[in-house]
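Secondary and tertiary structure notes
Chain residues, written in single-letter form:
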Amino acid sequence: MQQHPHTSRRRTGRLAGLTAALAAVVGLSTLTGPGAHAADNPYERGPAPTESSIEALRGPYAVSQISVSRLSATGFGGGTIHYPTTTADGTFGAIAVSPGFTALESSISWLGPRLASQGFVVFTIDTLTTVDQPGSRGDQLLAALDYLTQRSLVRNRVDSSRLGVMGHSMGGGGSLEAAKTRPSLQAAIPLTPWNLDKTWPELRTPTLIFGADGDSIAPVASHAELFYNTLPSSLDRAYLELNNASHFTPNTSDTTIAKYSISWLKRFIDNDTRYEQFLCPLPRPSLTIEESRGNCPHTS
């Protein structure tokens, strides 16, 4: 039976209208629905970053902490776990942080809540002894991550495939050692690092090294800068030399260290490219930055 041409046009028009409406709804939910960005990247945590949000003393997450006794720790000296209190966002990436030679956890404790409030589980640790060398501190950082993911009270909040290390001075040298030992680590951030090993061509972990222009204990020419220069050129790597800074600048709350550490950890532990804008192009010399080096754009 032949259809009336007006009936055919009405049906065609209704179908086209429904198709357009459906496309609009799908498009709208894709643009504005909860977790829209996270659908592309399941590791993304927190709102879109701004310059002020990564410079703030606290990020968007409320944070709690758990003390880990030296007696209950194996292979390191105990410490404090800082973690986002919410369980609504699933698991988080995690970082272990080591102090330097003769120093205690208290010297790097400011990094715990500051990084955790941006959406990470952060374990600031004490070492077995205050005179442990970088190789030992590297092993202890890995032991702390193993405790965090396998035995800690927050192990179910941690994604064991998304881990990183940080450390100051010999702890910074230790973070390089940890990345060398465990190339599956997603990020390493040595802070004014010290190590007798000067070359790091074996590293496969994206690494951000902070140096200090006034460092007389681990001068950048024979430590931070040299370490950076020996990293593989194909590696996602960066070097930031702090201006008007000393070896001990990382021991107190520092906006420049926090800003670029957060961005590096987000970019490589969470694969969150929203933070690439703060890393590339490289930051220019300023009141707080003497110089910067790195490979941009990042490829990991």
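Because the structure is a prediction, the values reported are computed rather than measured.

Below, the discussion takes up empty space enclosed by the protein. According to the stated counting rule, one finds one cavity of 30 Å³ or more in the structure shown. The space that makes up the largest cavity amounts to roughly 70 Å³. In this structure, the largest cavity is lined by Leu 208, Ala 238, Leu 240, Tyr 260, Trp 264, Leu 279, Leu 282, Pro 283, Cys 296 and His 298. If you list the elements that add at least two residues to the lining of the largest cavity, you get strand E8 (237-242) and helix H8 (255-269). The class makeup of the residues in the lining of the largest cavity is nine nonpolar, one polar and no charged.

Moving on: the sheet that holds strand E4 (residues 120-125). Paired through their backbone hydrogen bonds, the strands of a sheet run either parallel or antiparallel. Sheet architecture is open: nine strands sit in the order E1-E2-E4-E3-E5-E6-E7-E8-E9, paired in mixed fashion. Only two strands of the sheet have a single partner each, and these edge strands are strand E1 (63-68) and strand E9 (289-294). Each strand axis lies, on average, 15° off the axis of its neighbour in the sheet, ignoring direction. One ladder, built from five bridges, connects strand E3 (residues 92-98) with E4; its direction is parallel. Across the sheet, residue Ala 94 finds its bridge partner in E4, namely Val 121. Sheet contacts for H8: E3, E4, strand E5 (158-168), strand E6 (187-191), strand E7 (207-212), E8 and E9; angle to E6, the most-contacted strand, approximately 160°.

Attention now moves to H8. Taking 1.5 Å per residue as the helical rise, H8 with its 15 residues ought to reach 21 Å, and the 20 Å between its terminal C-alpha atoms agrees with that figure. Within H8, 14 of the 15 residues are buried, which leaves it mostly tucked inside the rest of the structure. Structurally, the start of H8 carries an N-cap: the backbone nitrogen of Thr 256 is 3.1 Å from a side-chain oxygen of Asp 254. Positioned one or two residues after H8, Asn 271 has a phi angle of 55°, which is positive.

Most of E7 is tucked away, with six of its six residues classed as buried. In E7, alternate side chains face the same way, and those of Thr 207, Ile 209 and Gly 211 on one face and Leu 208, Phe 210 and Ala 212 on the other are all buried. Where E6 lies against E7, two bridges are found, and the strand directions are parallel. Paired with Ala 188 across the strands is Thr 207, a residue of E7. Note that the unit made of E7, helix H7 (residues 224-230) and E8 has a crossover that is right-handed.

A few words now on the environment of Ser 246. Looking at where Ser 246 falls in the secondary structure, it is placed in the loop between E8 and H8. Considered as a pair, Ser 246 and Ile 217 are 29 residues apart in the sequence and their alpha carbons are 8.7 Å apart. Apart from residues no more than four positions distant in its own chain, Ser 246 is found in contact with Thr 192, Ala 212 and Gly 214.

What follows covers the state of the cysteines. In the structure shown here, the tally under the stated rule is one disulfide. What pairs with Cys 280 in a disulfide is Cys 296, and their sulfur atoms sit 2.0 Å apart. What sets the handedness of the Cys 280 and Cys 296 disulfide is the S-S torsion sign, and at about -80° it is left-handed. Highlighted residues: Cys 280 in the loop between helix H9 (276-279) and E9 and Cys 296 in the segment after E9, separated in sequence by 16 residues. What makes Cys 280 buried here is its relative accessible area of 13%. In this structure Cys 296 comes out as partly exposed when scored by relative accessible area, which is 34%.

We now examine the packing of aromatic side chains. Scanning the entire structure with this criterion turns up eight aromatic pairs. Where Phe 123 meets Tyr 147, the ring centres are 6.1 Å apart and the plane angle is 45°; that geometry is what we call tilted. Of the two residues, Phe 123 is situated in strand E4 and Tyr 147 in helix H5 (residues 134-150); the sequence distance between them amounts to 24 residues. A residue is classified by how much of its surface remains accessible, and Phe 123, at 0% relative accessible area, is buried. Overall, Tyr 147 belongs to the buried group, its relative accessible area being 12%. Between the aromatic rings of Trp 264 and Phe 268, the centroid separation amounts to 4.6 Å while the plane-to-plane angle is 50°, which identifies the pairing as tilted. With Trp 264 and Phe 268 both in helix H8, this residue pair falls four residues apart, about one helical turn. Here Trp 264 and Phe 268 have matching classes, each one buried.

Here is what the cut-offs are and how they apply
- Residues numbered from 1 in each chain as written.
- Predicted model: local features only at pLDDT ≥ 70, side-chain atom pairs only at ≥ 80, totals over all residues.
- Heavy atoms only, no water.
- 1 Å grid on protein atoms, 1.4 Å probe; cavity = no way out; pocket = protein on both sides within 12 Å on 5 of 7 lines; lining within 4 Å.
- Points joined across faces, edges and corners; volume = space filled by probe spheres on them.
- Helix = DSSP H or I, 4+ residues; strand = E, 2+ residues; numbered from the N terminus.
- Nonpolar A, V, L, I, M, F, W, Y, C, P; charged D, E, K, R; others polar.
- Pairing = 2+ DSSP bridges.
- Axes fitted to C-alpha atoms, helices over the stretch in contact; angles between N-to-C directions.
- Contact = heavy atoms within 4.5 Å.
- Expected span 1.5 Å × (residues − 1).
- Buried < 20%, exposed > 50% of the residue type's maximum accessible area, 1.4 Å probe, protein only.
- Polar contact = N/O pair within 3.5 Å; in protein donor to acceptor, adjacent residues only side chain to side chain.
- Right-handed = clockwise from strand over helix to strand, strands pointing away.
- Disulfide = S-S within 2.5 Å.
- Phe/Tyr/Trp six-rings, centres within 6.5 Å; stacked < 30°, edge-to-face > 60°.

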